[in-house]
2 protein chains.
Amino acid sequence: MVNDPGAVDATPARAPTIKDVAARAGVGIKTVSRVLNDEPNVRPEMRDRVLEAMASVEYRRNSMASSVRRRDQRTASIGLVVEDLANPFASQLTRVVQDHALRRRYLVLVGSSDGVAEREREIVGEFCSRRVDGLLVVPSGTDQSYLAAERERGTPVVFIDRPGKKITADAVVSENEIGVQQATEHLARHGHTRIGYLGDRQSVHTAERRLAGYRAAMTELDAEPDTGWVRTELTDASAAYRAATGMFQQDDAAPTAVVCGNNLITVGTLHALQALGLRETVAVVGFDDLDLADLLRPALTVITQDIEAIGERSADQLFTRLDNPGEEYARVSVPVRLVPRGSGEIPPPPHGEGE
Amino acid sequence: MVNDPGAVDATPARAPTIKDVAARAGVGIKTVSRVLNDEPNVRPEMRDRVLEAMASVEYRRNSMASSVRRRDQRTASIGLVVEDLANPFASQLTRVVQDHALRRRYLVLVGSSDGVAEREREIVGEFCSRRVDGLLVVPSGTDQSYLAAERERGTPVVFIDRPGKKITADAVVSENEIGVQQATEHLARHGHTRIGYLGDRQSVHTAERRLAGYRAAMTELDAEPDTGWVRTELTDASAAYRAATGMFQQDDAAPTAVVCGNNLITVGTLHALQALGLRETVAVVGFDDLDLADLLRPALTVITQDIEAIGERSADQLFTRLDNPGEEYARVSVPVRLVPRGSGEIPPPPHGEGE
DNA sequence: TTGTATGCGTTATCAT
DNA sequence: ATGATAACGCATACAA
């Protein structure tokens, strides 16, 4: 009973290794390895014997062991850190990145930082411990310099949506400023001069750029924005709801149109306008598309980011850097697009009305 | 220049190992390993020396090597196969699973099968090659028996959203039938007798159950559904659009209310009703919530799945099985909830109208 | 064309 | 309490 040759399978059946396959096929392990890695110098007959043996024991290569031994230590996986995977922007981005990665037989590890710098670091640490070949990061907080160490050890980093802080690296970013500028001009073209803006925390790069786009447009239009027309630091829909309610309850000087800095803010603002009975009165342009935007009445005019392009460009950027390190860091800008659907084309009320 | 003591770093700086840490701390590698794994029998003084050395070289454990050597081969990761990560149901589910996994220091690998059985198998294969400790699968196609092999090798499987076919295993499933039954009864309670149903392919378990719920309610109401009131095999929003358009253009016998079998169908149906000018005339209840459902007019009444509970229960189920294998397989049912918002409470038009 | 021996970074065994 | 050494499953160098 010592060498248990024909023992009943009591143990959970250790997964078969190339040794098992080799023994079964009556070849050396190196031949199995060659078949596994599509290396040359294997007689078709041998190859078939090996493949058959693999199938019969349902062999599955242990890619852990493989990458430990590999000279380049490659794991064929990359890590992606988003803010919140439950957010449509993040999940669509993840899907695109996965598709592009899978095309190169790469797997994607995903983590949600919730915009908390500490969590971002933890997730990155976990990824690096798994020896991902590269990192895609939507950065949170004020300092990504910790990533320099990972990079020097051979793990390239590409930032998405906004550049990392205190570090120079590749980044793929939407043209936030231009987008909001165009949205504002669009509203002006439809007759508005009293245009408001509701935005996120200015510490977030994208929010800062978007407000800059608004200001640029207003300056160009000689429409000095009233202080009551701009609210920032709105971190969620309910904050936006309160801010919008306040903004449009200003009897004297409420704006006739508003640009919303992101989709949470758009949702909060729409709820506020709904409650005030102003849905069909105040013109609205939102940043980022929403699923049912075209079923709303009026349908929602938005500036959409090209998530497909963002995902593709950032994956490409990462894989390119994996293939040839030592290139110059690049900042890729992805155009945004204004989609008029109705809410952004509402004209201002006739002069003198509103009290 | 042979042993390059102070060589300029030309190479991409191999990641430090426990050997490097041990040398720097002046201890054996086993001591480092002990610190790393919180094993007993390390003098606090030693531990501090090791921790300091780790910090100074920014050591990151290589969990690949770790799990290769481990007796249990554990990788502290699980695999999750969804249909499409870009779909809100999938991404919210993923988020919940990740949170519960991360609490146990587990990582989640995600893949999108697009409902294609072949892709599901590929992804599972990739996950198994990465030696995930367990699998969560939203099954596609007609046969998950291939997963039996993985399970026998010690990788437990839990199905989500619908049970796997040709295999007995744990499953966490919403009460689809009850949900649609309640939705139908809800419409009946508001005066409707001519209630339609638009559903997905009957080969999909959830779709089959949902239609069964509709039929059960109709039978109970003695409201034999007209053949023109039920359309299935609708795989996307545009198919639903066409089906709904056809259904409500039946001059004589169009239903006055409709239940939509999933959110894509709901979107298609709403577009169709919009085009026909029937948005405020036909009562609608959708299965699965939509982001802006409450901003629509009328706001959308839905049956929502408890994604939080589904994710939590399935993760728990998997981890429980990891800790003690050999338990009986269980099928967990998660209740759904009817959320009345307006569209499901529209009364039928007065009798005799409609031509 | 094929196989043997060595090593990857870690955990496990066992001696000290 | 600590460390030398074997072993994990695989890739690599090199011999046959």
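Along each chain, numbering runs from 1 in the same order as the chain's sequence is written. Working convention: letters from A go to chains and numbers from 1 go to ligands, in the order in which they are written. Totals for whole chains, interfaces and linings use every residue, but because this is a predicted model, local features are given only for residues with pLDDT of at least 70 and side-chain atom pairs only at 80 or more, for both listing and counting. Values reported for side chains reflect all heavy atoms of the structure, with hydrogen atoms and water molecules removed beforehand.

Trainee: Would you take a moment to explain the UniProt feature "domain: HTH lacI-type" (unreviewed entry) in chain A for this structure?
Mentor: Following the UniProt record, the feature "domain: HTH lacI-type" (unreviewed entry) maps to residues 16-70 of chain A here. The numbering of helices and of strands both runs from the N terminus, where a helix is a DSSP run of H or I of at least 4 residues and a strand a run of E of at least 2. Between the end C-alpha atoms of residues 16-70 of chain A there is a gap of 20 Å, over a span that is 67% helix and 0% strand. UniProt positions are given in the numbering used here, feature names are shortened, and annotations may be inferred rather than shown by experiment.

Trainee: Sorry if this is basic, but what is going on with the relation of the copies chain A and chain B here?
Mentor: Superposition of the two copies of the chain requires a rotation about an axis and a shift along the axis. In the superposition of chain A on chain B (RMSD 0.2 Å, axial shift 0.1 Å), the rotation amounts to 180 degrees. What we have between these two chains is a two-fold relation. A share of 100% of the interface residues of chain A reappears at the interface of chain B, consistent with the copies meeting face to face through the same patch. All copies are superposed by least squares; the fitting set is the C-alpha atoms of residues with a pLDDT of at least 70 in both. Throughout, a contact is declared for two residues whenever any of their heavy atoms are within 4.5 Å.

Trainee: Would you explain the pattern of salt bridges in this entry?
Mentor: In the sections that follow, a salt bridge refers to a side-chain nitrogen of Lys or Arg positioned within 4 Å of a carboxyl oxygen of Asp or Glu. Taken as a whole, this structure holds 45 salt bridges over all chains when the rule is applied. Salt-bridge contacts for Arg 70 of chain A lead to Asp 72 of chain A; the nearest nitrogen and oxygen are separated by 3.5 Å. A salt bridge links Arg 104 of chain A to Asp 316 of chain A; the nearest nitrogen and oxygen atoms lie 2.8 Å apart. Within this pair, whereas Arg 104 of chain A is found in the loop between helix H5 (88-103) and strand S2 (107-112), its partner Asp 316 of chain A is found in helix H12 (residues 307-323), the two being separated by 212 residues in sequence. The cut-offs for exposure are 20% and 50% of the maximum accessible area for each residue type, with area from a 1.4 Å probe on protein chains only; residues under the lower value are buried, those over the upper are exposed, and the others partly exposed. Owing to a relative accessible area of 38%, Arg 104 of chain A belongs among the partly exposed residues under this scheme. On the basis of relative accessibility, which here comes to 24%, the residue Asp 316 of chain A falls in the partly exposed class. Each of Asp 84, Asp 114 and Arg 119 of chain A together with Arg 95 and Asp 99 of chain B takes part in a single network of salt bridges with overlapping partners.

Trainee: Explain the protein's contact with DNA strand D to me, please; I cannot follow it from the model alone.
Mentor: Working definition: residue near molecule or strand if any one of its non-hydrogen atoms lies within 4 Å of it. Taken together, 26 residues are adjacent to DNA strand D, and Lys 30 and Tyr 59 of chain A together with Thr 31, Asn 41 and Arg 69 of chain B come closest. Counting only the atoms of DNA strand D within 4 Å of the protein, the fraction contributed by sugar and phosphate is 60%. The term polar contact refers here to a pair of N or O atoms within 3.5 Å; inside protein, the definition further demands a hydrogen-donor-capable atom paired with an acceptor-capable atom, and it admits residues adjacent in sequence only when both atoms are side-chain atoms. Tyr 59 of chain A places a side-chain nitrogen or oxygen 2.6 Å from a phosphate oxygen of DNA strand D. Measuring from a base nitrogen of DNA strand D, one finds a side-chain N or O atom of Arg 69 of chain A at 3.2 Å.

Trainee: Any chance you could explain the packing of helix H5 (residues 88-103) of chain B against helix H12 (residues 307-323) of chain B here in plain terms?
Mentor: Helix packing for two helices is described by the angle between their axes and how far apart those axes are. Residue and element names in this part refer to chain B. Packing of H5 against H12 brings their axes to within 8 Å, and their N-to-C directions diverge by 45 degrees. Between H5 and H12, the crossing angle belongs to the class labelled oblique. Crossing angle aside, the handedness with which H5 passes H12 is right-handed. For the pair H5 and H12, the contacting residues are Phe 89, Gln 92, Leu 93, Val 96, Val 97, His 100 and Ala 101 in the first and Ile 307, Glu 308, Ile 310, Gly 311, Glu 312, Ala 315 and Phe 319 in the second. Simply put, an axis is a line fit to the C-alpha atoms, just over the touching stretch for a helix, and the angle between two N-to-C directions goes from 0 to 180 degrees. Each angle is binned into one of four classes, with values under 35 degrees roughly parallel, values over 145 roughly antiparallel, values of 65 to 115 roughly perpendicular, and all other values oblique. Should the near helix be turned counterclockwise from the far one by less than a right angle, the crossing is left-handed, whereas a clockwise turn marks it as right-handed.

Trainee: When you look at the protein's contact with DNA strand C in this model, what are you seeing that I'm missing?
Mentor: Near DNA strand C lie 26 residues; those nearest to it are Thr 31, Asn 41 and Arg 69 of chain A together with Ile 18 and Tyr 59 of chain B. Looking at DNA strand C alone, sugar and phosphate atoms form 57% of those within 4 Å of the protein. In the model, a phosphate oxygen of DNA strand C is placed 2.3 Å from a nitrogen or oxygen of the Asn 41 of chain A side chain. Asn 37 of chain B is positioned such that a nitrogen or oxygen atom in its side chain is 3.3 Å from a phosphate oxygen of DNA strand C. Put simply, the parts of the chain that give the surface near DNA strand C at least two residues each are helix H2 (29-36) and helix H4 (63-69) of chain A together with helix H2 (29-36) and helix H4 (63-69) of chain B.

Trainee: For this particular structure, what's the right way to read the domain arrangement of chain A?
Mentor: In terms of domains, chain A is made up of domain 1 (18-61), domain 2 (77-174 + 307-334) and domain 3 (176-305 + 338-345). Where each domain starts and ends comes from a domain assignment, either automatic or drawn from a database. For domain 1 of chain A and domain 2 of chain A, the distance between their C-alpha centres works out to 37 Å.

Trainee: Explain the packing of aromatic side chains to me, please; I cannot follow it from the model alone.
Mentor: How two aromatic rings sit relative to each other is set out by the distance from centre to centre and by the angle between their planes. Here a Phe, Tyr or Trp ring, Trp counted by its six-membered ring, pairs with any other such ring whose centre lies within 6.5 Å, and the pair is stacked when the planes are under 30 degrees apart, edge-to-face when over 60, and tilted otherwise. For the structure shown, the criterion picks out 4 aromatic pairs over all chains. A ring pair is formed by Tyr 106 of chain B and Phe 319 of chain B, whose centres lie 4.9 Å apart and whose planes are at 75 degrees; its orientation type is edge-to-face. Here the residue Tyr 106 of chain B occupies a position in the loop between H5 and strand S2 (107-112), and Phe 319 of chain B occupies one in helix H12, the gap between them amounting to 213 residues. On the basis of relative accessibility, which here comes to 12%, the residue Tyr 106 of chain B falls in the buried class. Think of it as a cone above the ring: NZ of Lys or CZ of Arg counts as a charge over the ring if it is within 6 Å of the ring centre and within 35 degrees of the ring normal. Sitting above the plane of the Phe 287 of chain A ring, Arg 210 of chain A keeps its charged end 3.7 Å from the centroid.

Trainee: When you look at H5 of chain A in this model, what are you seeing that I'm missing?
Mentor: Structural remark: α-helix, 3.6 residues per turn; residues separated by three or four positions point the same way. Residue and element names in this part refer to chain A. By definition here, a helix of n residues has an expected span of 1.5 Å times n minus one. In this model, H5 (16 residues) spans 23 Å end to end at C-alpha, consistent with the 22 Å of a helix rising 1.5 Å per residue. Burial in H5 covers these residues: Phe 89, Ala 90, Ser 91, Leu 93, Thr 94, Arg 95, Val 96, Val 97, Gln 98, His 100 and Ala 101. At the N-terminal boundary of H5, the capping side chain belongs to Asn 87, with an oxygen 2.8 Å from the backbone nitrogen of Phe 89. Directly beyond the C-terminal end of H5, a positive phi value near 60 degrees is found at Arg 105.

Trainee: How do you make sense of the interface of chain A and chain B when you look at a structure like this?
Mentor: It is common to report an interface's size as the accessible area lost on association of the parts. Between chain A and chain B, the contact holds 65 residues from the first and 66 residues from the second. Carbon and sulfur atoms make up 52% of the area that chain A and chain B hide from each other, which totals about 5,600 Å². Viewed at the interface, chain B and chain A are joined by 10 salt bridges. With a shortest N-O distance of 2.2 Å, Asp 114 of chain B and Arg 95 of chain A are connected by a salt bridge. On inspection of chain A and its partner chain B, the count reaches 33 residue pairs in polar contact (both at pLDDT 80 or more). For the side of chain A that touches chain B, the elements supplying multiple residues, two or more each, are H4, H5, S2, helix H6 (117-129), helix H7 (147-152) and helix H11 (263-276) of chain A. For the side of chain A that touches chain B, the element with the highest residue contribution is H5 of chain A, accounting for 8 residues. The quantity reported as buried area is the accessible area (1.4 Å probe) lost by two parts once they are put together, taken as the sum for both.

Trainee: Please clarify how the sheet that holds strand S9 (residues 283-287) of chain A should be interpreted in this entry.
Mentor: Paired through their backbone hydrogen bonds, the strands of a sheet run either parallel or antiparallel. Residue and element names in this part refer to chain A. For two strands to be treated as a pair, DSSP must find no fewer than two bridges joining them. The 6 strands lie next to each other as S7-S6-S8-S9-S10-S12, forming an open sheet whose pairing is mixed. Looking at strand neighbours, the two that pair on one side only are strand S7 (230-231) and strand S12 (336-339), the edges of this open sheet. One ladder, built from 2 bridges, connects strand S6 (residues 195-198) with S7; its direction is parallel. Residue pairing in the sheet places Tyr 197 in a bridge with Val 230 of S7.

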